[in-house]
Amino acid sequence: MGSRRNFSRFALGAGIALLIAGSAYSGCARRPKVQRGDTAQAAIATYVAPGDTDEFYLFYSGGQSGNIFVAGIPSMRHIATIPVYTPYPGTGYGFDKETKAMLGGYSWGDVHHPALSQTNGDYDARWLFANDNANNRMARIDLRDFKTKEIYGPLPNVSGNHGSTFVTPNTEYILAATRFSVPLPKGSYAPLEQYATTYKGVVSGVAVDPKTGHMNMAWQVLMPPFNFDLGSGGKGASDGWAFWSCYNSERATGKLEVTSTQKDRDYIAAVNWKAAEQAIKNGKFKTIGGTKVIDPKDTPGVVFLMPCSKSPHGVDVSPDGKYIVGSGKLQSITTVFNMGKVQDAIQNKKFTGDEDGIPVLNYDAIKDAEVNVGLGPLHTQFDDKGYAYTSLFVESAIAKWKMGTWEVVDKIPVAYNIGHLCVPGSDTMHPVGKYVLALNKLSHGRHISVGPSQPESSQLIDITGDKMKLLYDAFTEPEPHYAQIIRTDRIKPIEVYTKDDNKDPNAIWDVKDAGVTRNGKNVIVKIAAVRSNFTPASFEVNQGDHVTVYLTNIEQTTDELHGFGLMEYNLNVVVDPGETKTIEFTADKPGVFAYYCTNFCSALHQEMQGYMLVKPSAGAKTALLKMPSPAGAAR
Amino acid sequence: MPTSADSAHGFFDLNLSKRSRIAVFIAAMLLVPTFLLPLWAMTLYSNQFPDGLHLDIFTYKLAGAKTPARDDLREINTLNHYIGMRPLLESDFGEFVWMPLVIGFFLVFALRTVVFGKMSNLIDNAVLFLYFGLFSLWSFHNRLYAYGHNLDPTAPVKVPPFTPTLFGSKQLANFTVYSLPGPASYFMIGFFVLLVVAILLTRRPNRAAS
Ligand SMILES: [Cu+2]
């Protein structure tokens, strides 16, 4: 009997121990419990059946990769990469004469903020602009063929073009600003000790030709050496204004992590660009670095400073233009400024001081609310139902809050450390409140492991209901920052270049017109590419000749691309149907070199090849001896 | 008692009834759209082209479907070069010169029949048109035969000589080819049928009268 009781006591004890262990285990599982039904709903919401296409285009910046990535929403499938600042052999970008010239000798850029062109405050689906934070440029992609058409820069006086390429409501201007102040004009020297006084920042507007899209610096405003961060174009109630957040109003150097975080407030610079236009018209500018620069000391009324909570990152204008939202990334509040109050404060000179002659507006006079969103607020996006969504980097979450009542109504965790976020059309006057995309910096543990170099993560979240719902995790190469999302039916790209589209005077449309012409040491080779051959299938040059190849893909069928890879000459271009590209090089290596189609085209693609024969010149033997031995090349 | 020859003679001399003349007039009008609409249509379906490559043959031209993303005639020629078929060139088709002229002739001939109202004219019109129709079919068939039988012997892909189909569908390598008369052909058939109807409309009341 006794032993039996003991046994049952033991059994009971073991049971309790298991219960505790069980609860401890479930306490450890940090991932929130997801119901099967939710998973099924999310799967259906993001599933795009084979052959079906996505509802939205997602253009996200490729950061230091220098590219723009194109994906579809809701599937989140990566569909294409648009090379912008970086050579991209996949499409031959940066290898042909035209794109090489556009890259201007640079081999990388840092794309942060793509901006779709706008008309009347809405996307007009004409162009996509992309900034280069590293080499101070901006680029224009034509959405007719999804190709980079122009790279403008390095921009005069702009150093670290981060607060770019946000646009004004009719794409009058693309914003550009200095993140890393330097002595001006660029190329001048001053010791770092003179940072606070001699170093200068600028904020600027680059004009866009409404017909051609051609970009040209229109106005600049000379600013104290703050670090200008994000920008936003005013619209509606704030039309005619441009805003840039800035950190380091301490004007500090050294380790900014400490030196620039001493004051409780930094600023959002508000620029009246209509006044800037007028100042330029009235000749009230200095010419610095070859460009027209307005000095606010001499021309009051162009720029004002709105105090904002410490080290703000994002500045975002609401769709109606009435509110300017800025978030201090080291505090837990997002500040909502009222444009009406800003204008009133300017009119009635409600200033609390100035910075190098730029009036600082009275914080309490211009703010409508401080929203208690959570830790590390960065950027805010808006939907079409009066809600705002703020990304919380430190908290790894998105806070949804109501405009007007300023209360936080929902919060959703993200994985992990969200930077920008994007609601379709949030920066226009008519957002589409269907999704918010979380562009996260860290992704560990959410995907199959690929070693120490981990991808970024983008999470698609449904915002149609009261509660935000996580739908999908997608992973990208480095490194998306901001994005633009536009309805698929707004863009109607071409898929082949017709004869009318192809403006290249060296295009050929018939194999009869292909061939080689020589003029002294200059050799011109016109090559026609069509399934599955090149005409001519060989050509001969002399060592040292300057060779120009005009390569035309004479196909008129969508998706029939041909490549032209030239061995050991480090050349590859790809021509789309009906496209002509120019390849220039000096035939300095003697010998016989194959060229072949690099973009798989047809059943006889492997046969699509030819030979370039380079006849050695008189000194060829020496040249051959000088060539590195294979053993020397191997490592 | 009239001989059968006499009756035949009498029949050719008949004046067309008003209803017959109206029928001939309508028939003549049916020829107008043949100058605008395709005579024959070919569609080539494959996995890569689920919407089909489309080629229309008019009385006076060849027209591949053209979309911003594709030029179908160019594509058909590109694909055909793999089997060594000559490119389809408008200039190779003599039909495109004489067909519109002959149809124009029939149109004028029909209107003349309406005006003069002679049965003999109407019958000539119908019979000649029948010859013309059959000749055109034979001519197109020959054309297709020539394309499919004069293949370049050095072509990368060797296929036995063949005649591309004129009616219905046929599997050709990875393509299913549909070839069917286009609207202009139906208008031409309509023309012929109305001429026959016109003949009947005049014969009946006359027989009743005798
Ligand atoms: Cu090819």
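Residues numbered from 1 in each chain as written. Chains lettered and ligands numbered in written order. Predicted model: local features only at pLDDT ≥ 70, side-chain atom pairs only at ≥ 80, totals over all residues. Heavy atoms only, no water.

Here the focus is the overall build of chain B. On a plain count of helices and strands, chain B comes out with six helices and seven strands. The helix and strand sequence of chain B, counted from the amino end, reads α-α-β-β-β-β-β-α-α-α-β-β-α. Taking 17 Å as the expected radius of gyration for a compact globule of 210 residues, we find that chain B reaches 22 Å, considerably beyond that expectation. Considering only C-alpha atoms, chain B reaches an extent of 75 × 35 × 25 Å along its principal axes. Scored against the burial criterion, the 210 residues of chain B give a buried share of 43%. (Helix = DSSP H or I, 4+ residues; strand = E, 2+ residues; numbered from the N terminus. Rg over C-alpha atoms; globule rule 2.2 N^0.38 Å. Buried < 20%, exposed > 50% of the residue type's maximum accessible area, 1.4 Å probe, protein only.)

Summing up its helical and strand segments, chain A has ten helices and 42 strands in all. With the model as given, the accessible surface of chain A reaches about 27,700 Å², and the carbon-plus-sulfur share is 55%. With 63 positive and 64 negative side-chain charges, chain A shows a spacing of 4 Å between the two charge centroids. (Areas by Shrake-Rupley, 256 points an atom, 1.4 Å probe, with all protein chains shown as cover. Lys, Arg positive; Asp, Glu negative; His and termini not counted. Charge placed at Lys NZ, Arg CZ, Asp CG, Glu CD.)

All names here are of chain A. For the copper ion, the full set of protein donor atoms is His562 (ND1), Cys597 (SG), Cys601 (SG) and Met608 (SD), at a range of 2.1 to 2.6 Å. The coordination sphere of the copper ion comprises four donor atoms, whose angles at the metal cover 93 to 125 degrees; the geometry is tetrahedral. Between consecutive donor residues of the copper ion, the sequence gaps follow H-x34-C-x3-C-x6-M. (Donors = N, O, S within 2.8 Å, 3.2 Å for Na, K, Ca; no water. Tetrahedral: all angles 85-135°; square planar, octahedral: opposite > 155°, others 65-115°.)

All names here are of chain A. Strand order in the open sheet made by the four strands is S3-S2-S1-S32, with antiparallel pairing throughout. Both outer strands of the open sheet, strand S3 (78–83) and strand S32 (483–487), are each paired with one neighbouring strand and no more. When strand polarity is set aside, the average angle formed by the axes of neighbouring strands in this sheet is 20 degrees. Examined bridge by bridge, strand S1 (residues 56–61) and S32 share five bridges and lie antiparallel to one another. Bridge assignment links Phe56 to a residue of S32, and that residue is Arg487. (Pairing = 2+ DSSP bridges. Axes fitted to C-alpha atoms, helices over the stretch in contact; angles between N-to-C directions.)

Before going further, it helps to examine the domain arrangement of chain A. All names here are of chain A. Considered domain by domain, chain A is made up of domain 1 (16–25 + 35–490) and domain 2 (511–622). Each side of the interface is counted separately: domain 1 has ten residues, and domain 2 has eleven residues. Lys147 serves as the salt-bridge partner of Asp576, at 2.5 Å between the closest nitrogen and oxygen. Between domain 1 and domain 2 we count six residue pairs in polar contact (both at pLDDT 80 or more) in total. With three residues, the top contributor of residues to the side of domain 1 that touches domain 2 is helix H3 (residues 97–103). Here the side of domain 1 that touches domain 2 is built from residues that sort into two nonpolar, three polar and five charged. (Domains from an automatic or database assignment. Contact = heavy atoms within 4.5 Å. Salt bridge = Lys/Arg side-chain N within 4 Å of Asp/Glu carboxyl O. Polar contact = N/O pair within 3.5 Å; in protein donor to acceptor, adjacent residues only side chain to side chain. Nonpolar A, V, L, I, M, F, W, Y, C, P; charged D, E, K, R; others polar.)

For the rest of this paragraph, the subject is the interface of chain A and chain B. Taken together, the 14 residues of chain A in the interface contact twelve residues of chain B. Considering only the side of chain A, the residues that lose the most area to chain B are Arg531, Gln556 and Thr557 of chain A, jointly responsible for 48% of the buried surface there. For the pair chain A and chain B, the interface holds one salt bridge. With its nearest N and O atoms 2.5 Å apart, the salt bridge here joins Arg531 of chain A to Glu75 of chain B. Linking chain A to chain B there are eight residue pairs in polar contact (both at pLDDT 80 or more). Split by residue class, the side of chain A that touches chain B holds five nonpolar, six polar and three charged. (Buried area = accessible area lost by both parts, 1.4 Å probe.)

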